[in-house]
Amino acid sequence: MAQVIPVYHVLVVSALLFSIGLYGAMSRRNAIGILLSLELMLNAGCLNLVAFSAKWGPTFTYQTFRAQEDVSSPVGQIFVIFVITIAACEIALGLALIIAMYRHHRSIDVDNLNLLKW
Amino acid sequence: MNEAAYITGSLGFQLAQLGMWIPLCPIIACFLIFFCQVILPKNIRDSFVYQTLMKTTSILGIGFSGIIATWIFYHFWTHQLPVVNGSQVAQTLLFSTETIHKSWFNIGAHEIQVGILLDNMSAAVVFMVAWVAFLIQIYSWGYMKGEKHIVRYYCFHSLFAASMLGMVLSDNFLTFLISWELMGLCSYLLIGFFWLKKSAINAQKKAFLVTRIGDLGFFLGVFVLMGIWLQTGQPITFRFDDFAKLIHEYGINTASFSEIVQYSRQFSNGIPMYLLTAAALLFFMGTIGKSAQFPLHIWLPDAMEGPTPVSALIHAATMVAAGVYLVARTYFVFDPLGTGFSPALLVVALIGAFTAFMAATIGVTQYDIKRVLAYSTISQLGYMVMALGVGAMGAAVFHMTTHAYFKALLFLGSGAVIYGCHHVQDMRYMGGLRKYMPLTFVVFGAGTLALMGFPGTAGFFSKDMIFEHAFGAAYVDHPELWIVFILGITGAVLTCFYMTRMIFMVFFGKNRRELIPESERHGYSIEEMTPKESPAVMTVPLIILAVFALFFGWPVKYGYSDMFNSSLYVEHHFGGGEQTAVVINESKPALAQGGQRVTGTTMDRGELAHGHAAADIHGSADVDKLHDTAHSGSHSAHPSWIIIPQLLALLAVLSGIAAGYWVFFREDGRKMKDSWKRQYPKLYDIVYNKYYCDEYIQRYIVEKLLVFNMFLRAVDMYVIDGFVNAVASVTVFFTRVTRWFDQGIIDGIVNGVAAVIDSISRGIKYMQSGYVQNYYLIIVFCVLSYMIIQGHTTLFNIKAVILLIKAQFGAM
Amino acid sequence: METTVNPVHLFFVNPLFYFWVFSFALLGAAVGVVMMRNIVHCTLSLCLAFICTAGIYVIFGAEFLAAAEILIYAGAVTVLIFFALMLSKRIIGRDIIYKNRQSIWAMLLSMAMALVLIATLAYGNWNYEVDPTVAPMDNTKMIGRSLMLSYTLVFWVTGFILTITMIGALMLAKKD
């Protein structure tokens, strides 16, 4: 039995996850629901990055201050860290917006926010 | 002009640089007053302090220029550089300290320069103008007291003096013309100063329009001269010395018009004489207008409507002197050969002599004290023009200067008389005033003696010089000038006669103020009309002017008699090089090769009779030697006949005074005069009505002009307006067509496009639903569409896709 | 040396098996997130999804990320969302209509997207495989070193972004 996980499996999972998140973002009325869907989509991306990192990492040549050494690369994982950070920011801002919106409209249905139209 | 041409004062700067401030001082004062008048509110403008301040500003301005003029005059006077080598022409330019010529503006590639020209003549004239104007302004302080618009008066006065000074110092035709026209404007403004008087309004218009006729001639003359200049192909210039040099260098072609046309159209054989004559006569038109010569003299008596100091200014210092000065300044055009005789000068002499005589006869009959003086001015101007015509430019300018002193004196004196008589001007209501105003009588008498040319006064020397030249010109060369001399002498007799009459009517006999009709008393009773002496502010200028009028002749006669010769002219015709202009007669080829040189035949007469044997000393640079030579020659060079005109002039003065005394002071003479009046009523009437000049001009020129104007008006109304209206109609028609096209087709297209876009927009605007998820859906749809379109070849290959997926999973 | 291994045992030590276990759980939780009516349930489902993702991260040898995921997402973010829910909904009840009008189109588009992605990725040459056994075990150390050496600037910028976001969120949510 193979002791490995082919990358394509991960890609398929993340594609499905992304699509599910996409559906949620497009169809939920609740603004918080949309935020949740966005988190799903971000996670799909992160999953890919982690998988690629696990594949490529060990062969990466790393330049330190003193010498050049072969180390496993954490680049993909660092990407994920940044994505998580930005996602956290996004969540915070989004929730703040939702609270402000609720304060004005007494509702968090994005369908109610349709003033800016023809 | 060589290096030595720059006369530097003892302060070390160029005199001309200083001379620039002569016109600038009064003009700065004028602008200062003008801006104060414009800016300040009415209550300040009416205040006494403000008015005093403004008057002081004006007087200070002209006073400064007087001081500078004196400095320059003194300099020219004491150095006495001989005119013959031309080193007296000091020229530098306005707004410049270092360079010779300062550019004023450019016309294309032509640089127009501006500058000032100082020579003997301009130095002498600015001295006269500045001080006379200064004294008149002082005098006005008293005379115009209580006048509401006194500040305006002083503003115009300053501008008037400034423009005259600027004109005298101009070194080119352009600034000369500008100042000349400014003077016309100022005379217009000042003659009509009492603008509520209908007669003053008419007089100002008359003065302006009549002088404008002459100005037109002056303009055309400048054009002719410019035309000549352009034939040389040199860059455009307006400077007098350039023109003088041109005439000197190119020589004169004396062939007649037809001959020149027949043989040559070029200037290679000299400038055609007829062109210069035409230019000279056109210039002389300007003189006729400004200096009130015969056909256009009619404006000057009417100009008496202005305030009396203004009359003094116009008659003495500024306006009328300009015409004489114009001829003197452009003498190189009038007398291009340097012989003191030319066709143009003959016309000048004849018109001058006739004017001198005619105005003197009119002066005999007038009753208005200012009108008598006005006609005497015309007469004296006639003498000046006559002197110019007989080739005595120095004598003319000398007479202009002395005349300025005594005529300013007489006018201001008459102003004092009018002031004393409570603004009565008619001499029939005066009489016996010597008891009431003795000081005025004394100074007025001094002015009268000077005007008569009584021996010893300034007028005697200047008039005597004119008669000597006229006699000399007639006796030696040109017999046709006898008429000029005779008219002049007769005019001198008449001058003495009417001045005696005036003195008698004003100052002698019994006072006749009770005859003044009620309408002319200005609300005073007869007792209140008692004549009174003027205040000191008016009499002091009179005394100063009297001193000049009496004694100004002596230093000139026995000091520096060439002070009044334009060295610009003399330089180019008698100085420097070989000889005067070269005369080539194109129609005689044999002579043309050798070139007939005209030597200075007038050297032993004319103004040079008094001056120097110029031909002997040319080319020398030793100024002192020249000086000595000139003055040692000045007494020995008198020809023997010189005593005849002197005696005749003396005789004329004495006979005129004697006749006047007999006719007006003696009972039998008065009776005889009255019987003559009854005997020849027609003659008296004609002279009294000034030969009906005004009426003739009114009937034969003005009315004809008006008829012509009616015709022009008809042409204007029916032809021009008709044409314009027709053009307008056609335009309207085409405009209608264009409007139809514009509204129907162009607008239709535009509106159609707009309507189509509008309907489309109405349809698709619902895409803008306002639902954010809707937009998101569309974005995803587009992205997906893009992905599918890009990858359709592989994506729709379902079999391959399934196989590949299987393979990918198969790696498990 | 030949040792017989129980195939069932082998199956249970195969990381692919665990991967798929977690993946199915993840996908199920995700479906729950987008499909459930009650937003509180959705949030809890999202929490489950995050935990499953963390499991997958562990399989790929990214323990630090797994920990971070659980701490940040499953912990902080979920709590934050609950706070927001409690602040914004007077009744944390179910929405009568939780889907909007275009949900059918959204479903179609999402499925199309999934199919296109899978089909497109199938063309890729993924001839390498994840081998969890060779994954570096000093993963956390590596990340720390990289962050402090190579990605210092990005790290700083991220810090600034966080700060700014915090201020912005405060400004927005502040009752004024």
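These numbers were taken from a predicted model, which means no experiment stands behind them.

A. Expanded view of the overall build of chain A. Tallying secondary structure elements over chain A gives three helices and three strands in all. In chain A, once contacts between residues fewer than 6 apart in sequence are set aside, the share between residues at least 24 apart is 54%. Carbon and sulfur atoms provide 65% of the accessible area of chain A, an area that totals close to 4500 Å².

B. Broad picture of unusual backbone geometry. Residue and element names in this part refer to chain B. Positive phi, normally seen in glycine, also occurs at His422, with a value near 60 degrees. Mapped onto the fold, His422 is located in the loop between α18 (393-420) and α19 (433-436). Despite not being glycine, His423 shows a phi value in the positive range, around 65 degrees. Judged by relative accessible area, His423 falls into the partly exposed class, the value being 45%.

C. Quick look at the interface of chain C and chain A. The partner chain A presents 74 residues to the 90 residues of chain C that form the contact. Summed over both sides, the interface of chain C with chain A buries roughly 7900 Å², with 74% coming from carbon and sulfur. Between the two partners, chain C and chain A, sit 14 residue pairs in polar contact (both at pLDDT 80 or more). When contributions to the side of chain C that touches chain A are tallied by element, the ones reaching two or more residues are α1 (7-13), α2 (15-35), α3 (39-59), α4 (63-88), α5 (103-122), β1 (129-130), α6 (139-149) and α7 (152-173) of chain C. Along the lines of polarity and charge, the residues of the side of chain C that touches chain A split into 63 nonpolar, 16 polar and 11 charged.

D. Main features of the interface of chain B and chain C. Taken together, the contact pairs 20 residues of chain B with 21 residues of chain C. A combined buried area of about 1600 Å² lies between chain B and chain C, and 74% of that area is made up of carbon and sulfur atoms. Counting the surface chain B buries against chain C, the share from its top three residues, B:Leu777, B:Leu784 and B:Gln808, is 30%. Where chain B packs against chain C, one counts zero salt bridges. Our enumeration of links across chain B and chain C arrives at six residue pairs in polar contact (both at pLDDT 80 or more).

E. Main features of the packing of helix α5 (residues 120-143) of chain B against helix α23 (residues 536-551) of chain B. Residue and element names in this part refer to chain B. Packing of α5 against α23 leaves a shortest axis separation of 7 Å and a crossing angle of 155 degrees. By the angle between their axes, α5 is roughly antiparallel relative to α23. Viewed along their axes, α5 and α23 form a crossing whose handedness is left-handed. Contacts between α5 and α23 pair Phe127, Val132, Leu135, Ile138, Tyr139, Trp141, Gly142 and Tyr143 from the former with Val537, Met538, Pro541, Leu542, Ile544, Leu545 and Phe548 from the latter. The class makeup of the residues in the contact of α5 with α23 is 14 nonpolar, one polar and no charged.

F. Structural view of the confidence of the model for chain C. Residues and elements named next belong to chain C. Summarising the model, chain C shows a mean pLDDT of 82, and 83% of its residues fall at 70 or more. Across chain C, the secondary-structure element scoring lowest on mean pLDDT is β1, at 60, and the one scoring highest is α5, at 92. Across the assembled chains, the prediction reports ipTM 0.88 with pTM 0.62.

G. Quick peek at the packing of aromatic side chains. Residues and elements named next belong to chain B. All chains considered together, the criterion is met by 54 aromatic pairs over all chains. With a centroid separation of 5.7 Å and 85 degrees between ring planes, the pair formed by Phe441 and Phe508 is classed as edge-to-face. Taken together, the residues Phe441 in helix α20 (residues 438-452) and Phe508 in the loop between α22 (482-507) and α23 connect sequence positions 67 residues apart. Taken together, the ring pairs in this structure connect Phe173, Phe176, Trp180, Phe218, Trp229, Phe240, Phe243, Phe283 and Tyr325 into an aromatic cluster. Above the face of the Tyr367 ring, Arg428 is positioned so that its terminal group lies 3.9 Å from the ring centre. One cation-aromatic arrangement involves Lys532 over Tyr419; the distance from NZ or CZ to the ring centre is 4.8 Å.

H. The arrangement of the nonpolar core in detail. Of all hydrophobic cores here, the largest spans 221 residues; its most connected members are B:Trp299 and B:Phe334. Non-local contacts of B:Phe334, meaning those with residues more than four positions away in its chain, are made with B:Ala280, B:Phe283, B:Phe284, B:Val327, B:Ser342, B:Ala344, B:Leu345 and B:Val348. One finds A:Leu40, A:Val50, C:Cys52 and C:Ile56 within the second-largest nonpolar core, a separate group that totals 78 residues.

I. Seen up close, the pattern of salt bridges. Residues and elements named next belong to chain B. Scanning all chains against the criterion turns up 13 salt bridges over all chains. The partner of Asp46 in a salt bridge is Lys42, with the nearest N and O atoms 2.8 Å apart. For Arg371, the salt bridge goes to Asp302, with nearest N and O atoms at 3.7 Å. Taken together, the positions of Arg371 in helix α17 (residues 369-389) and Asp302 in helix α12 (residues 299-302) put the pair 69 residues apart, joining distant regions of the chain. With respect to burial, Arg371 and Asp302 carry one shared label: buried. In the salt-bridge network here, residues are joined through shared partners; they are Glu181, Arg212, Asp215 and Lys290.

J. Layout of the environment of B:Tyr524. Residue and element names in this part refer to chain B. You can see Tyr524 is positioned in the loop between α22 and α23. Separated by 102 residues in the primary sequence, Tyr524 and His422 place their C-alpha atoms 8.5 Å from one another. The contacts of Tyr524, once residues within four sequence positions are left out, are His422 and Met529.

K. Structural context of helix α8 (residues 198-231) of chain B. Residue and element names in this part refer to chain B. Taking 1.5 Å of rise per residue, the 34 residues of α8 would be expected to cover 50 Å, and the 50 Å separating its terminal C-alpha atoms lies within 8% of that figure. The sharpest bend along α8 reaches about 30 degrees and sits at Ile213. In the stretch just after α8, Gly233 is the one whose phi turns positive, near 75 degrees.

L. Spatial organisation of a nonpolar patch on the surface. Where nonpolar side chains cluster on the molecular surface, the patch consists of A:Ile86, C:Met148, C:Leu153, C:Val154, C:Phe155, C:Trp156, C:Val157, C:Phe160, C:Ile161 and C:Ile164 and spans about 990 Å² of accessible area. Among the elements that take part in the nonpolar patch, α7(C) stands out by supplying eight residues, more than any other. Tracing the sequence through the fold places C:Ile161 in helix α7. On the basis of relative accessible area, C:Ile161 is assigned to the partly exposed category, the value being 34%.

M. Main features of the environment of B:Leu515. All names here are of chain B. Position of Leu515 among the secondary structure elements: in the loop between α22 and α23. For the pair Leu515 and Tyr429, spaced 86 residues apart in sequence, the C-alpha to C-alpha distance is 6.1 Å. Apart from the residues within four sequence positions on either side, Leu515 is in contact with Arg428 and Tyr429.

N. Here's a closer look at the packing of α2(C) against α3(C). Residue and element names in this part refer to chain C. Running from N to C, α2 and α3 cross one another at 160 degrees; their axes reach a closest spacing of 8 Å. By the angle class used here, α2 and α3 are roughly antiparallel. You can see that α2 and α3 cross each other, and the crossing is left-handed. Residues Pro15, Tyr18, Phe19, Phe22, Ser23, Ala25, Leu26, Ala29, Gly32 and Val33 of α2 form the contact with α3, whose participating residues are Cys42, Ser45, Leu46, Leu48, Ala49, Cys52, Thr53, Gly55, Ile56 and Ile59. Considering only residue class, the contact of α2 with α3 consists of 15 nonpolar, five polar and no charged.

Rules behind the numbers
Residues numbered from 1 in each chain as written. Chains lettered and ligands numbered in written order. Predicted model: local features only at pLDDT ≥ 70, side-chain atom pairs only at ≥ 80, totals over all residues. Heavy atoms only, no water. Helix = DSSP H or I, 4+ residues; strand = E, 2+ residues; numbered from the N terminus. Contact = heavy atoms within 4.5 Å. Areas by Shrake-Rupley, 256 points an atom, 1.4 Å probe, with all protein chains shown as cover. Buried < 20%, exposed > 50% of the residue type's maximum accessible area, 1.4 Å probe, protein only. Buried area = accessible area lost by both parts, 1.4 Å probe. Polar contact = N/O pair within 3.5 Å; in protein donor to acceptor, adjacent residues only side chain to side chain. Nonpolar A, V, L, I, M, F, W, Y, C, P; charged D, E, K, R; others polar. Salt bridge = Lys/Arg side-chain N within 4 Å of Asp/Glu carboxyl O. Axes fitted to C-alpha atoms, helices over the stretch in contact; angles between N-to-C directions. Parallel < 35°, antiparallel > 145°, perpendicular 65-115°, else oblique. Left-handed = near helix turned anticlockwise from the far one by under 90°. pLDDT = per-residue confidence, 0-100. Phe/Tyr/Trp six-rings, centres within 6.5 Å; stacked < 30°, edge-to-face > 60°. Lys NZ or Arg CZ within 6 Å of the ring centre and 35° of its normal. Core = buried A, V, L, I, M, F, W, Y, C linked by side-chain atoms within 4.5 Å. Expected span 1.5 Å × (residues − 1). Bend = angle between axes of the 7 residues up to and from the residue. Patch = residues over 30% accessible without salt bridge, like charges linked within 9 Å, V, L, I, M, F, W, Y side chains within 5 Å.

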